[in-house]
Amino acid sequence: MRENGILRVVARFLIPLIMLFGLYIQFHGEYSPGGGFQAGIVFAAGWILFVLIYGLDAALQVIPERAMYVLMVAGVILYCAVGIAGVVLGGHFLDFYPLLPGKHAAQQFGIITVEFGVGVTVATVVMLIFTLFARRKSEWKAAKVEDDQP
Amino acid sequence: MTITELMPFSVLVPLIASLVCALLPGRFWPWAVTLVATITSAVIAAITLPAAAQVTLSYAFGNWPPPIGIEYRVDAANAFVALLVAGMAAVALPWAKKSVDREVPERQGAFYALFLLALSGLLGITLSGDAFNIFVFLEISSLATYGLIAHGSDRRALLASFRYLIMGTVGATFLLIGIGFLYVMTGTLNLADLAERLPEVRDTSTVRAALAFIIVGMGLKLAMLPLHLWLPNAYTYAPSFVTVFLAGTATKVALYVMLRFVFTVFAPDWSFVVLPLSTVLMILAVAGMFAGSWVAMFQPNIKRMLAYSSVAQVGYMVLGVSLVSIVGLTAAFLHLFNHALMKTALFMAVGTVIYQVGSGHLKDFRGLGRTMPWTLTAFALAGLSIIGVPLTAGFVSKWYLIQAALDQGQWFLVVLILITSLMAIVYIWRVIEAAWFQERPGNQPAAGEAPLALLIPTWVLVALNFYFGIDTRLTVGGATAAAEALLGGGMAP
């Protein structure tokens, strides 16, 4: 697939757009259709397209597997941190009103931050799952080659 | 911070700690963080119980008032189960260190993260007052549990985990279908709100189907007799620590959910009338008591034997429920608590033997009574509790169960309970006979006494078995309060 010129050109053109669209869904999710989950999936889909065209090794140079693992946890930690912030500032868990003075500003800030955490986690989890499956095939191939040789 | 504001943190602390745990390298720190989080959670649960017995606590997440928002609603029944779950996890963790180091040598951060997720899921199911939230937490704990079981060193653990995944997903789906039906009919997911709105629409086939779906779904997670097939393999091939934890917690929480729906949401005067629920549960319970004990008597693998014994013990709990009286429900809650104590102690003793000998087969127990006297004595004493010898916790719960049966004039149930207790003597005796009355074959490796890190937690649990057999204030008091909360419409404000 990597040698196909059309695929390479179209992918190079599309991948930034897909990722940008993912970010658009992310940051407009609080008042229009969208949100962290969909944004994460769309973003990860762009990344998977990159892997399919340019190979897993090139993709892992951009975001190493360990970084994905850390980001996966960091997203949930961000979510929980917003929740705890509500408790610390005198409200309930995941209570956004105490976060900022204005009522609407507080809700908007809270939901965007929480959804960003969701987006990061969903994107990295999808990327990790894909990496593990993609890696598995190359590992399996390598093992089989060794088996064939006496 | 009031107790109401503190209460949800028994779920949140393990949840957040699991994230930290997933990132920690090595073998010490993941365990240490888990231990601290679990003990914190147990302490919060212990503080909650006396307060919840007085007045129902309600905590609205995000300050969205229920029934629109998600609320945690805690009365004596949830607080009792939550204390059991968190307490069992806290007692099991000091034991876990050595056993997990041996059986799960790598990636312990992920392992303990899964454990904390399972714990917070189970606690979330218990404390939540929102039907859909219960389903979500059920999935959290179940998915984490599948991962934990798959960590077993035997390759068959993968198959056992997969089988549990299939059956557990079917169970959770049934619960979700039931909740969906209820939502269609009432337009609410809050349990207290459901209880208020259901009487108007309850003479419809949709609501009847909802009850049936929820009973079957939770029966699967509970391992009630014909739905128990996932349990023996899952308990046998999981790492010893996972078995210790699951045996004391997972099925208990499923029983609690079933009770919450049958008694609080549907109200007993409807759910036991419209379907022949009492008869069905009684037949399944008695069948489970017999089949579980019978199969346990012939198992060569001790872990599997104890797993089948769990199926039988679940039967006792369901039997108490099927009597539909305060005493019967008290017996069910008592046995829920006491069975967790004795099964955890037994699995710990077996896990200790597995740590020293490397196998849980009956033939490897031969002659161990002389070389590992403390471990095997702990097993024998916890075995007394499961048989129901006076002065042990098992006696107390069976005593209440027999009383509940006599109150209803069901004397034949008393006979059945006694017969299955005799069967328990048989399967516990097989281990004792092998350990003390048979010589250790020459080709078997000699095994010395286990390290204190494994022995002390085991003996603490054995001591608890005897303590709660003599001082029953906490157990009987808590179980009675829980039963009254469920039968007396405890969810009403």
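Residues numbered from 1 in each chain as written. Chains lettered and ligands numbered in written order. Predicted model: local features only at pLDDT ≥ 70, side-chain atom pairs only at ≥ 80, totals over all residues.

Caption draft 1: The overall build of chain B, seen in detail. Looking only at helices and strands, chain B features 21 helices and two strands. Taken against the 2.2 N^0.38 rule, which gives 23 Å for 493 residues, the C-alpha radius of gyration of chain B at 21 Å falls within 12% of a compact globule. Projected onto the principal axes, the alpha-carbon positions of chain B cover approximately 75 × 55 × 40 Å. Counting the 493 residues in chain B, one finds 61% classified as buried. Long-range pairs, those at least 24 residues apart, make up 80% of the contacts in chain B with a sequence separation of at least 6. (Helix = DSSP H or I, 4+ residues; strand = E, 2+ residues; numbered from the N terminus. Rg over C-alpha atoms; globule rule 2.2 N^0.38 Å. Buried ≥ 20, exposed ≤ 12 C-beta atoms within 10 Å, placed from the backbone. Contact = placed C-beta atoms within 7 Å.)

Caption draft 2: Summary view of the overall build of chain A. A count of helical and extended segments in chain A gives five helices and zero strands. Taken from the N to the C terminus, the helices and strands of chain A come in the order α-α-α-α-α. Its C-alpha radius of gyration of 20 Å places chain A more than 25% over the 15 Å reference for a compact globule of 150 residues. C-alpha extents for chain A along the principal axes are approximately 70 × 35 × 20 Å. Classification of the 150 residues of chain A by burial places 26% in the buried group. Once local pairs closer than 6 in sequence are excluded, the contacts in chain A between residues at least 24 apart make up 64%.

Caption draft 3: Seen up close, the environment of S359(B). You can see S359(B) is positioned in the loop between α15 (326-357) and α16 (368-371). Distance from S359(B) to R260(B), taken between C-alpha atoms, is 40 Å for residues 99 residues apart in sequence.

Caption draft 4: Quick peek at the environment of S161(B). Residue and element names in this part refer to chain B. Relative to the elements of secondary structure, S161 occurs in helix α7 (residues 156-186). Judged by the 23 C-beta atoms lying within 10 Å of it, S161 is buried. With 74 residues separating them in the primary sequence, S161 and Y235 have C-alpha atoms 9.7 Å apart. Ignoring sequence-local partners within four residues, the contact set of S161 consists of Y146, I149, A150 and A234.

Caption draft 5: Representation of the interface of chain A and chain B in the model. The partner chain B presents 11 residues to the 11 residues of chain A that form the contact. A class-by-class count of the residues in the side of chain A that touches chain B yields eight nonpolar, two polar and one charged. (Nonpolar A, V, L, I, M, F, W, Y, C, P; charged D, E, K, R; others polar.)

Caption draft 6: View of the environment of G129(B). Residue and element names in this part refer to chain B. In this fold, G129 is placed in the loop between α5 (108-127) and α6 (131-150). You can call G129 buried: it has 29 C-beta atoms within 10 Å. Measuring from C-alpha to C-alpha, the distance between G129 and L191 comes to 5.6 Å, with 62 residues separating the pair along the chain. Here G129 is in contact with E71, Y72, R73, N190, L191 and A192, once residues within four sequence places are set aside.

Caption draft 7: Expanded view of unusual backbone geometry. Residue and element names in this part refer to chain B. Between P66 and the following residue, P67, the backbone shows a cis peptide bond with an omega angle of 10°. By the element assignment, P67 lies in the loop between β1 (57-60) and β2 (71-74). Not every positive phi belongs to a glycine, and A267 is a case in point at roughly 70°. If you trace the backbone, A267 turns up in the loop between α11 (240-265) and α12 (268-274). Since 17 C-beta atoms lie within 10 Å of it, A267 is described here as partly exposed.

Caption draft 8: Representation of the packing of α5(B) against α6(B) in the model. All names here are of chain B. Across the interface, α5 lies against α6 with an axial gap of 8 Å and an inter-helix angle of 150°. Taken as axis vectors, α5 and α6 run roughly antiparallel relative to one another. In terms of crossing hand, the pair formed by α5 and α6 is left-handed. Contact residues: L114, F115, L117, A118, G121, L122, G124 and I125 in α5; I134, F137, L138, I140, S141, A144, T145, G147 and L148 in α6. Across the contact of α5 with α6, the residue classes break down as 12 nonpolar, five polar and no charged. (Axes fitted to C-alpha atoms, helices over the stretch in contact; angles between N-to-C directions. Parallel < 35°, antiparallel > 145°, perpendicular 65-115°, else oblique. Left-handed = near helix turned anticlockwise from the far one by under 90°.)

Caption draft 9: Just the confidence of the model for chain B, in detail. Residue and element names in this part refer to chain B. In the predicted model, chain B carries a mean pLDDT of 90, and the fraction of residues at 70 or more is 99%. Scored below 50 in pLDDT, residues 489-493 shows 12 contacts in the model against residues more than four places distant or in partner chains. Quick note on the complex model: pTM equals 0.92, ipTM equals 0.87. (pLDDT = per-residue confidence, 0-100.)

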